[in-house]
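Each chain, written out:
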Amino acid sequence: GHRVSVMGSGMGMCSIGIYSYELYHFYDVENIIRIGSTGAYDPNLKVYDLVIAKSAYSESTYALAQCGKDRDFAYPSESLNERLIQTAHKIGYDPVVAPIHTH
């Protein structure tokens, strides 16, 4: 088995920024999976659909301030996403894998 922690991170980029920094730098975590609710641009998405991000577009300067990345798109771990998709299927969900927009 694997040790897993589940905790609330608060709302917004500042909260997850502080939280993720501390987890990676002081607690030696390997992966963080952020879960939340959101709106959508795609009219085919329904309430309670499970969306797994294949990319995230942001207009903020968070990535630049956090880790020096000077680009509008961020990409998740492909291997972690694949595990998320497989797990979703095992428990009866058909996830939507799509790009997301964040602030």
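Quick note: structure is the one above.
Keep in mind that this is a model prediction, so the values were computed, not measured.

About the criteria used
Residues numbered from 1 in each chain as written. Predicted model: local features only at pLDDT ≥ 70, side-chain atom pairs only at ≥ 80, totals over all residues. Heavy atoms only, no water. Pairing = 2+ DSSP bridges. Helix = DSSP H or I, 4+ residues; strand = E, 2+ residues; numbered from the N terminus. Contact = heavy atoms within 4.5 Å. Axes fitted to C-alpha atoms, helices over the stretch in contact; angles between N-to-C directions. Buried < 20%, exposed > 50% of the residue type's maximum accessible area, 1.4 Å probe, protein only.

Colleague: What exactly am I supposed to notice about the sheet that holds strand 1 (residues 51–58) here?
Modeller: Strand pairs in the sheet, formed through backbone hydrogen bonds, run parallel or antiparallel to each other. Strand order across the open sheet formed by three strands is 2-1-3, with mixed pairing between neighbours. Of all strands in the sheet, those bounded by a partner on one side alone are strand 2 (73–74) and strand 3 (96–102). Running over the sheet, helix 3 (residues 78–90) touches strand 1 and strand 3 and is turned about 145° from strand 1.

Colleague: Looking at this model, I keep getting lost on unusual backbone geometry. Mind explaining?
Modeller: Both trends apply: most residues other than glycine have a negative phi, and most peptide bonds are in trans. Even without a glycine there, the phi angle at D28 is positive, about 55°. By the element assignment, D28 lies in the loop between helix 1 (12–26) and strand 1. Take D28: its relative accessible area is 67%, and that puts it in the exposed class. Look at Y48: it is not a glycine, yet its phi comes out positive at around 75°. Of note, Y48 is situated in the loop between helix 1 and strand 1. What makes Y48 exposed here is its relative accessible area of 79%.

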